[in-house]
Every structure is written in C-alpha cells, then in structure tokens.
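What the coordinates show
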Amino acid sequence: FLLSCEKDNAAMEGQVANCIGEIPTWCATVRCNADGKPVCGCNNVTYGSVCEAQCAGVTSYTAGACK
C-alpha cells in the first residue's frame, strides 16, 4: 500500500502518526545503502533506498524523492 508524499497538513499529521511501525528484525543483520532509487516515506522524508526506509520503520513509501 503506497501513499502520496504531497503535504496536506491535517491529513499528513494522521498519516505520519500511522506511518512508522516496528523495525524489521532483519535490519539488525544488514547495512542499507542508497542504491540510486530513492523513495519518499509516508513521513515526507526521502530515503536513499527501500531498505533504508524499511529499516527506519516506515510503513509505506512511493518511488522517487519527496517534493
């Protein structure tokens, strides 16, 4: 399930509250690097890769940097 990264203050506050979840256990055994395919997290933060977003606990994201 992917969400848009466009800001709508009231809607964004609700999304951010439900946007960060538990960090997957596999993150303890890997080192994520930017892979040239950034993603925009539902918290409106750009991550260098899907791995970085997932290991930050972000529950949904879209392809590309946040605007």
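Okay, so let's go over this structure. Owing to the predicted nature of the structure, the values given are computational and were not obtained by experimental measurement.

From N to C terminus, the protein includes 2 helices and 3 strands. For the protein, the sequential pattern of α-helices and β-strands runs α-β-β-α-β. The buried share of the protein, reckoned over its 67 residues, is 31%. For the protein, the exposed area adds up to about 4400 Å²; of that, 54% sits on carbon and sulfur atoms.

Along the polypeptide, Gly64 turns up in the segment after β3 (61–63). Setting aside anything within four residues of it in sequence, one finds Gly64 in contact with Pro38, Val39 and Cys40.

This part covers the environment of Gly21. Following the sequence through the fold, Gly21 ends up in the loop between α1 (9–17) and β1 (39–41). The sequence separation of Gly21 and Gly57 amounts to 36 residues, and the corresponding C-alpha distance is 5.0 Å. Excluding its chain neighbours within four sequence positions, the residues that come into contact with Gly21 are Gly57 and Thr59.

For the rest of this paragraph, the subject is the state of the cysteines. For the structure shown, the criterion picks out 4 disulfides. Residue pairing for Cys19: its cysteine sulfur links by disulfide to Cys42, the two sulfurs lying 1.8 Å apart. One quick way to see it: the torsion about the S-S bond of Cys19 and Cys42 is about 95 degrees, and its sign makes the bridge right-handed. One end of the pair, Cys19, is in the loop between α1 and β1; the other, Cys42, is in the loop between β1 and β2 (46–47), and 23 residues separate them in sequence.

The rules behind these values
- Counting from 1, residues in each chain are numbered in the order their sequence is written.
- It should be noted that, the model being predicted, local features are given only for residues of pLDDT at least 70 and side-chain atom pairs only at 80 or more, the latter also being counted only at that level, while totals for whole chains, interfaces and linings use all residues.
- Only hydrogens and water are set aside when side-chain values are computed; all heavy atoms of the structure are taken into account.
- Each helix is a run of DSSP H or I of at least 4 residues and each strand a run of E of at least 2, with the numbering of both proceeding from the N terminus.
- Relative accessibility thresholds used throughout: buried, under 20% of the residue-type maximum; exposed, over 50%; partly exposed, between the two (1.4 Å probe, protein chains only).
- Exposure was quantified through the Shrake-Rupley algorithm and a 1.4 Å probe, taking into account, for residues, occlusion by the shown protein chains and nothing else.
- Any two residues whose heavy atoms approach within 4.5 Å are treated as being in contact.
- Cysteine sulfur atoms that come within 2.5 Å of each other are treated as a disulfide pair.

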